[in-house]
Amino acid sequence: MKTNTGQFAFLQGSSYEIGQQQAGEFQNNPFAKSLFFTEKLISNNTYFEMKAQIEQYCPGLNKELEGFAEGFGYAPEQLNFYQNAWLIPGGCSLGAILPGKMADGKTYVLRNYDLSPNISDMRLCTTNVEGKYTHTGFSVSTFGRSEGLNDKGLCVAFASCGMPIGNYPGMRPPVVPGLQFMVIVRTLLENCKNVEEAIYTVNNMPIGTNMNLLIADASGDAALIGTYDGVREIKRAELDYLIATNHGLFPTIQEKEPGKLEHSQLRYDILEKKCKENGKRSIDEIQELLLTEFPKGLAVHNYKEGFGTVHSILLNLTDLQLEFSFGSPLQNQVNKIGVGDNFAKTQIPVEFCNKSYGTEFWKIIKS
């Protein structure tokens, strides 16, 4: 068993002030400088291109990055984030269950994020930037987001589609230039109040990542956006649910995808079976999906091979609440927080009990 620490950050103020606040948060981390900065300046072309793209699609983030860099005595162009945001791996199970399917008539999104704890931020944030919508969600590379819920009831959740795209070993280089998922998710949470606005924003952004992006709002609307090597497809919810895991869900993307991991299909089938059953679902039935271990449920404990649950969330869009665990909810406490709220603890111990699922876990099947 391995123990780690989950963190909570309450970020409030101007973009620059939030950057300075986060610099203070990491000042005592002996690895912070090597984690966030490069001693060499990023090339002017890369820096100015990325800075311009962020300013256009996620305004304010540059000021946050400037405040963070100056808090450490570095220039903003020395931040690794500028290289990583323009183009980290992970497996995800996503599901939006809409009011027509729920016994309580509310809108929910469930989300299980599988990754190595060694490369996960393990950090939940409430972020209240002046002039933007407040949101609560997990951070990626500190400044990005993997999912979240804002104070207007818009939920955005990311899942990689196929082999993750990025600038790290083991990832596939991007085929087209564009933003990484972590900037896209944060942009939508801070600037959009419903699914319509989110779709419009995504349609007008350059996207370099391959992803399944689930978007839902408190009115019961939902959409799935799939991107793959420059192809972009959108599906509106036709049933009372919408689900995604880590493979292509659109014919045009499936034609490009060389194959998919069998466990991605198995997790999709688990979600679909629960949602397709006749009748309405209780909240207990939805929670059960997150509280049951793979292959019968969504919790995965394959930490030594870099594919275990690092956080699990049930988002209640109607009541603006999140139930979450750092690590697997089978091994750790489930907590509750309202969107925009502070959390009583800034650090929470997290246990990771590893389990191997054998070589079949990594079996690749045809798309």
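Cut-off values and rules
- Along every chain, residues carry numbers that run from 1 in the direction the sequence is written.
- Totals for whole chains, interfaces and linings use every residue, but because this is a predicted model, local features are given only for residues with pLDDT of at least 70 and side-chain atom pairs only at 80 or more, for both listing and counting.
- In computing side-chain properties, one takes all heavy atoms of the structure into account and sets aside hydrogens as well as water.
- Counting from the N terminus, the helices are the DSSP runs of H or I reaching at least four residues and the strands are the DSSP runs of E reaching at least two.
- Radius of gyration means the value over C-alpha atoms here, while the globule rule gives 2.2 Å times the residue count to the 0.38 power.
- Note on classification: 1.4 Å probe, protein chains only; a residue is buried when its accessible area is under 20% of the maximum for its type, exposed when over 50%, partly exposed between these limits.
- Only C-alpha atoms enter the line fits that serve as axes; for helices the fit covers just the stretch in contact. Angles between N-to-C directions range over 0 to 180 degrees.
- Relative orientations are named as follows: roughly parallel for angles under 35 degrees, roughly antiparallel for angles over 145 degrees, roughly perpendicular for angles from 65 to 115 degrees, and oblique for any other angle.
- Whether two residues are in contact is decided by their heavy atoms: any pair within 4.5 Å suffices.
- Each residue receives one of three labels: charged for Asp, Glu, Lys and Arg, nonpolar for Ala, Val, Leu, Ile, Met, Phe, Trp, Tyr, Cys and Pro, and polar for the others, Gly being one of them.
- Note on pairing: two strands pair once DSSP finds at least 2 bridges between them.
- Think of it as the arc spanned by the lines of direction from the helix axis to the C-beta atoms.
- Throughout this description, a polar contact denotes any pair of N or O atoms lying within 3.5 Å of each other; where both atoms belong to protein, one of them has to be capable of donating a hydrogen while the other can accept it, and for residues adjacent in sequence the pair is counted only when both atoms sit in side chains.
- Centres within 6.5 Å make a pair out of two Phe, Tyr or Trp rings, where for Trp the six-membered ring is used; the pair is then stacked when the planes are under 30 degrees apart, edge-to-face when over 60, and tilted otherwise.
- A carboxyl oxygen of Asp or Glu within 4 Å of a side-chain nitrogen of Lys or Arg is what we treat as a salt bridge.

A. Structural detail: the overall build of the protein. From N to C terminus, the protein includes 10 helices and 19 strands. For a compact globule of 367 residues, the expected C-alpha radius of gyration is about 21 Å, and the protein comes in at 19 Å, within 12% of that figure. The dimensions of the protein, computed from C-alpha atoms along their principal axes, are 60 × 45 × 45 Å. Scored against the burial criterion, the 367 residues of the protein give a buried share of 57%.

B. A look at the packing of helix α3 (residues 44–57) against helix α4 (residues 61–71). For the pair α3 and α4, the least separation of the axes is 8 Å and the interaxial angle reads 125°. One element, α3, and the other, α4, form an angle in the oblique class. Where α3 approaches α4, its residues Lys 51, Ile 54 and Glu 55 are matched on the opposing element by Leu 61, Asn 62 and Leu 65. Within the contact of α3 with α4, the residues separate by chemical class into 3 nonpolar, 1 polar and 2 charged.

C. Inspection of the pairing of strand β10 (residues 222–228) at higher detail. Among the 7 residues of β10, 7 are classified as buried, and the element is accordingly described as predominantly covered. Burial of the side chains of β10 extends over both faces: Ala 222, Leu 224, Gly 226 and Tyr 228 are buried on one face and Ala 223, Ile 225 and Thr 227 on the other. As paired elements, strand β9 (residues 211–217) and β10 share 6 bridges and run antiparallel to each other. Bridging across to β10, Ile 215 finds its partner in Ala 223. In this sheet, strand β11 (residues 231–236) lies alongside β10 in antiparallel orientation, the contact comprising 6 bridges.

D. Representation of helix α7 (residues 195–203) in the model. Turning to α7, its buried residues are Val 195, Ala 198, Ile 199, Thr 201 and Val 202. One face of α7 carries all of its buried residues, which in axial projection span an arc of 165°. For α7, the elements touching its buried residues are β8 (154–160), α6 (181–191), β9, β10 and β11. Its side-chain oxygen 3.3 Å from the backbone nitrogen of Glu 196, Asn 194 forms the N-cap of α7.

E. Structural view of the packing of aromatic side chains. The final tally for this structure, using the stated rule, is 25 aromatic pairs. Ring centres of Phe 68 and Phe 143 lie 4.9 Å apart, and the angle between their planes is 85°; on these two criteria the pair is classed as edge-to-face. The pair formed by Phe 68 and Phe 143 is uniform in burial state, with each residue classed as buried. Both rings, one in Phe 307 and one in Trp 362, keep their centres 5.9 Å apart while their planes meet at 90°; by these two values the pair is edge-to-face. Linking Phe 307 in strand β15 (residues 307–316) with Trp 362 in the loop between β18 (347–352) and β19 (364–365), this pair joins segments that are 55 residues apart in sequence. By relative accessible area, Trp 362 is classed as partly exposed at 33%. Clustering of aromatic rings is evident, with ring pairs tying together Phe 26, Phe 36, Phe 37, Phe 68, Phe 72, Tyr 74, Phe 81 and Phe 143.

F. The arrangement of unusual backbone geometry in detail. Note that the residue after Phe 294, namely Pro 295, is joined by a cis bond; omega there is 15°. Within the fold, Pro 295 resides in the loop between α10 (283–290) and β14 (301–302). A positive phi angle is found at Met 122, which is not glycine, with a value near 50°. Secondary-structure assignment places Met 122 in the loop between β3 (108–115) and β4 (123–129). For Met 122, a relative accessible area of 3% puts it in the buried group. Although it is not a glycine, Ser 141 adopts a positive phi angle of roughly 50°.

G. Structural view of the pairing of β18. Of the two faces of β18, the one holding Ile 348, Val 350 and Phe 352 is buried and the one holding Gln 347, Pro 349 and Glu 351 is not buried anywhere. Two strands pair when backbone bridges link them, and strand β1 (residues 2–13) and β18 are joined in this way by 6 bridges, in the antiparallel orientation. Counterpart to Thr 3 in the pairing with β18 is Glu 351.

H. Here's a closer look at the pattern of salt bridges. A full pass over the atoms with the stated rule returns 13 salt bridges. Between Glu 66 and Lys 63 there is a salt bridge, with the nearest N and O atoms lying 3.7 Å from each other. One end of the pair is Glu 66 and the other is Lys 63, both in helix α4 and 3 residues apart, which spans about a single turn. Note that Lys 193 and Glu 197 form a salt bridge whose closest N and O atoms lie 2.4 Å from each other. Residue Lys 193 is classed as partly exposed on the basis of its relative accessible area of 36%. What makes Glu 197 partly exposed here is its relative accessible area of 25%. Three or more residues joined by partner-sharing salt bridges are found here, namely Glu 64, Arg 186 and Glu 190.

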